[in-house]
Each structure stands twice: as structure tokens, then as C-alpha cells.
Amino acid sequence: MKIGIIIQARMGSGRLPGKVLKQIGNKTLLEHIMYRLQRLQTQAQIIIATTKEKKDDVLAEFCIEHGYTIFRGDEENVLERYYLCAKEYGFHHIVRLTADNPFVDIEELDRLIACHLDQEADYTKSFAALPCGVGAEIFTFAALEKDYLEASKPNHFEHVNEYIWENPQKFKIVDLQTPKEKSKPEIRLTVDTKEDYRRACDIVRCSGNEYISTAEAIHIVTHIQKNNILEEES
């Protein structure tokens, strides 16, 4: 059984171009993810799945320089990119991560994979109640292949999981139960906008730790938000 972690990444974000290589503290956003994944207890191969577009050459070069394995595919058809990558590397189960989430929760990721395998699920997800940006999802290769072969709408190809979400009767779907202290879906720990980026930089600066837990990140963001409200009221 071979488990793969495929991280979709590109430089061409509309709201925050080049964000995957922006510095957050002393690491780029992508380096934060790769550093955190070193703590994963489950054995898995990690692939950075970027595009064939010229603008992503700099990202591909960065990955090669840092010893990251890369796969290059279609920019718009992300589903195809995932399917062809998983097929090329012979993955039986595929974890999907995105390169705009520097605070992915590794403890929950290990739990997600274990739950998925124990339940013999087709698709398992953990981001319903967790802060935005720390959860993940995993699917079997068979589910991904069914997704790829039966997808028909534009959103199915742009978002790997949406055919599965729209056709739950065709898959065994499991939701990982989230610890109460981490159930904060209103907290944003993703990086999609300039505001998100500033927040991520603040979290790293305030923490001072190499590895920032979800609980700590929640505490820092809550403290920052509370101070901002107090400043606005004063």
C-alpha cells in the first residue's frame, strides 16, 4: 500500500501572486508545509504538483534546489493533474494538500489517514470544523479515478473534490471527528489574501517556535483579533 501526499502549488494566484514562495518568518510558505510534514508518523511520499506554465518554472527550480519531488501538469484542470500524478507514482491513497496552508495540522493528518484506512473509506476529510487551512482530505486511487472519469462540469476539473461532494451516493465518505479545542472554523489559518499573509507572519513572529500547533495558532489569532477590537473601540 502506497500513500502519497500531493500538494498543489502554483505562482499564479489571482489575489496574492507568488504566495507559495513568500517569506513567513525565515521560511517560505511552501517550506513551512514541508517542514511540518517531517513530523508525520505515517509513511508517505510527498509530491509538489505544479503546472507546465512558464510562470511556474521558478517554483519548479525552487523545488529541485530544495530536493522536493515535483510533477507538472495542466494549470486549469487540477483534477487531471492529481490523477496523472497519482497514477505515475502508483499511489493507492492520496492526501490532498494545497500550498497556501502553512499551518497544516500534522497530528490531525495522521489521525485522518488512520481513520480513512480503518473505515475503508473512499474519501475522508477533516476540515469541516477545524480552522480554515489546517485540515486535509484523502481519497483512494479508485475514488480519484472515478472522479476523473465521470467529472463533467467545469468546477469538477478546477476542484478535485467537488464531483465527490456532489455525488455522495457513489462513495463511502467519512468525516474525521475534530477535538473540541480545535473546532474553530471561523479562524483563518490559510493564506489567500494580503490580510491572510499578514496574519500568518504575525503568528510566526508572535510564536517564536519552529513548529506552531493549531492550539497555539488559534490562541495567537484570537489575541490579535481581541486587541484589534479594543484598539478600534478606544
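Up top you'll find the structure we're talking about.
Structure report, in brief. (Residues numbered from 1 in each chain as written. Predicted model: local features only at pLDDT ≥ 70, side-chain atom pairs only at ≥ 80, totals over all residues. Heavy atoms only, no water.)

1. Digging into the environment of isoleucine 70
So the rule is basically this: Comment: elements are numbered from the N terminus, with helices defined as DSSP H or I runs of at least four residues and strands as E runs of at least two. For every residue, the accessible area obtained with a 1.4 Å probe (protein chains only) is divided by the maximum for its type, and the residue is called buried under 20%, exposed over 50%, and partly exposed between those limits.
Looking at the element boundaries, isoleucine 70 is found in strand β5 (residues 70-73). When its relative accessible area of 22% is taken as the criterion, isoleucine 70 is described as partly exposed. Between the C-alpha atoms of isoleucine 70 and isoleucine 46, which are 24 residues apart in sequence, the distance is 8.8 Å.

2. Overview of the packing of aromatic side chains
We apply this condition: Aromatic rings from Phe, Tyr and Trp, with only the six-membered ring used for Trp, were paired whenever their centres fell within 6.5 Å, and each pair was classed as stacked if the ring planes differed by under 30 degrees, edge-to-face if by over 60, and tilted otherwise. Only when the NZ of Lys or the CZ of Arg is both within 6 Å of the ring centre and within 35 degrees of the ring normal is a charge said to sit over the ring.
Under the definition given, this model contains seven aromatic pairs. Summarising the aromatic geometry, the rings of tyrosine 123 and phenylalanine 139 are spaced 6.3 Å apart at their centres and angled 15° between planes, so their arrangement reads as stacked. Residue tyrosine 123 is located in strand β7 (residues 123-125), and its partner phenylalanine 139 is located in strand β8 (residues 137-140); the two are separated by 16 residues in the primary sequence. Of the residues examined, phenylalanine 139 reaches a relative accessible area of 1% and is grouped as buried. For the ring pair tyrosine 163 and phenylalanine 171, a centre distance of 6.2 Å and an interplane angle of 90° mean the geometry is edge-to-face. According to the relative accessible area criterion, tyrosine 163 is buried, its value standing at 3%. Here the aromatic residues Tyr83, Phe141 and Tyr148 are joined through ring pairs into a cluster of three or more. The positively charged end of lysine 27 is found above the aromatic ring belonging to tyrosine 35, 4.5 Å away from the centroid. Over the face of the ring belonging to tyrosine 211 we find arginine 39, whose NZ or CZ atom lies 4.1 Å from the ring centre.

3. Looking at the state of the cysteines
The criterion, for reference: In this description, the term disulfide denotes a pair of cysteine sulfurs within 2.5 Å.
One pass over the full model with this rule turns up zero disulfides. The thiol of cysteine 206 is unpaired, and the distance to the nearest cysteine sulfur, on cysteine 201, comes to 11 Å. Of the residues examined, cysteine 206 reaches a relative accessible area of 43% and is grouped as partly exposed.

4. So, the layout of surface pockets
Short version of the rule: Here the term cavity refers to a set of points on a 1 Å grid, laid over the protein atoms alone, in which a 1.4 Å probe fits but cannot get out; the term pocket refers to an open set having protein on both sides within 12 Å along at least five of seven lines, with lining residues being those that place an atom within 4 Å of a point. Grid points are joined across faces, edges and corners, and a volume is the space filled by probe spheres set on the points. Amino acids are sorted into nonpolar (Ala, Val, Leu, Ile, Met, Phe, Trp, Tyr, Cys and Pro), charged (Asp, Glu, Lys and Arg) and polar (every other residue, Gly among them).
The computed volume of the largest pocket comes to approximately 1,000 Å³. For the lining of the largest pocket, the elements supplying multiple residues, two or more each, are α3 (78-89), β6 (93-98) and α7 (162-166). For the lining of the largest pocket, the element with the highest residue contribution is β6, accounting for three residues. Split by residue class, the lining of the largest pocket holds 12 nonpolar, 10 polar and 13 charged.

5. So, the side chain of aspartate 192
Inclusion rule: We define a polar contact as two N or O atoms separated by no more than 3.5 Å, with the added condition that, inside protein, one atom must be a possible hydrogen donor and the other a possible acceptor, whereas residues neighbouring each other in sequence contribute only through side-chain atom pairs.
As for its placement among the helices and strands, aspartate 192 is situated in the loop between β9 (173-175) and α8 (194-207). Side chain to side chain, aspartate 192 and arginine 15 meet in a polar contact 2.7 Å long.

6. Comments concerning the sheet that holds strand β4 (residues 45-51)
Note the following rule: Being paired, for any two strands, means DSSP has found at least two bridges between them. Note on definitions: angles span 0 to 180 degrees between N-to-C directions of axes, and those axes are lines fitted to C-alpha atoms, for helices only across the stretch in contact. We call two residues in contact when some of their heavy atoms are within 4.5 Å.
A sheet is described by the order of its strands in space; here seven strands give the open sequence β5-β4-β1-β6-β8-β7-β9, paired in mixed fashion. A single partner strand is all that each edge strand has here, and the edge strands are β5 and β9. On average, each strand axis in the sheet is tilted by 25° relative to the strand beside it, whichever way the strands run. Relative to β8, β7 runs antiparallel, the two being bridged by three bridges. The residue bridging threonine 124 from the neighbouring strand is isoleucine 138, located in β8. Running over the sheet, helix α2 (residues 57-65) touches β4 and β5 and is turned about 165° from β5.

7. Focus on the nonpolar core
Heads up, the condition is: By nonpolar core we mean a set of buried residues, namely Ala, Val, Leu, Ile, Met, Phe, Trp, Tyr and Cys, connected to one another through side-chain atoms within 4.5 Å.
Residues Ile7, Leu30, Leu37 and Leu109 are the most contacted members of the largest nonpolar core, which totals 48 residues. Contacts of leucine 109, omitting those with residues within four sequence positions, involve Leu37, Leu40, Val95 and Ala136. Leu79, Cys85, Phe91 and Phe171 belong to the second-largest nonpolar core, a separate cluster that totals 23 residues.

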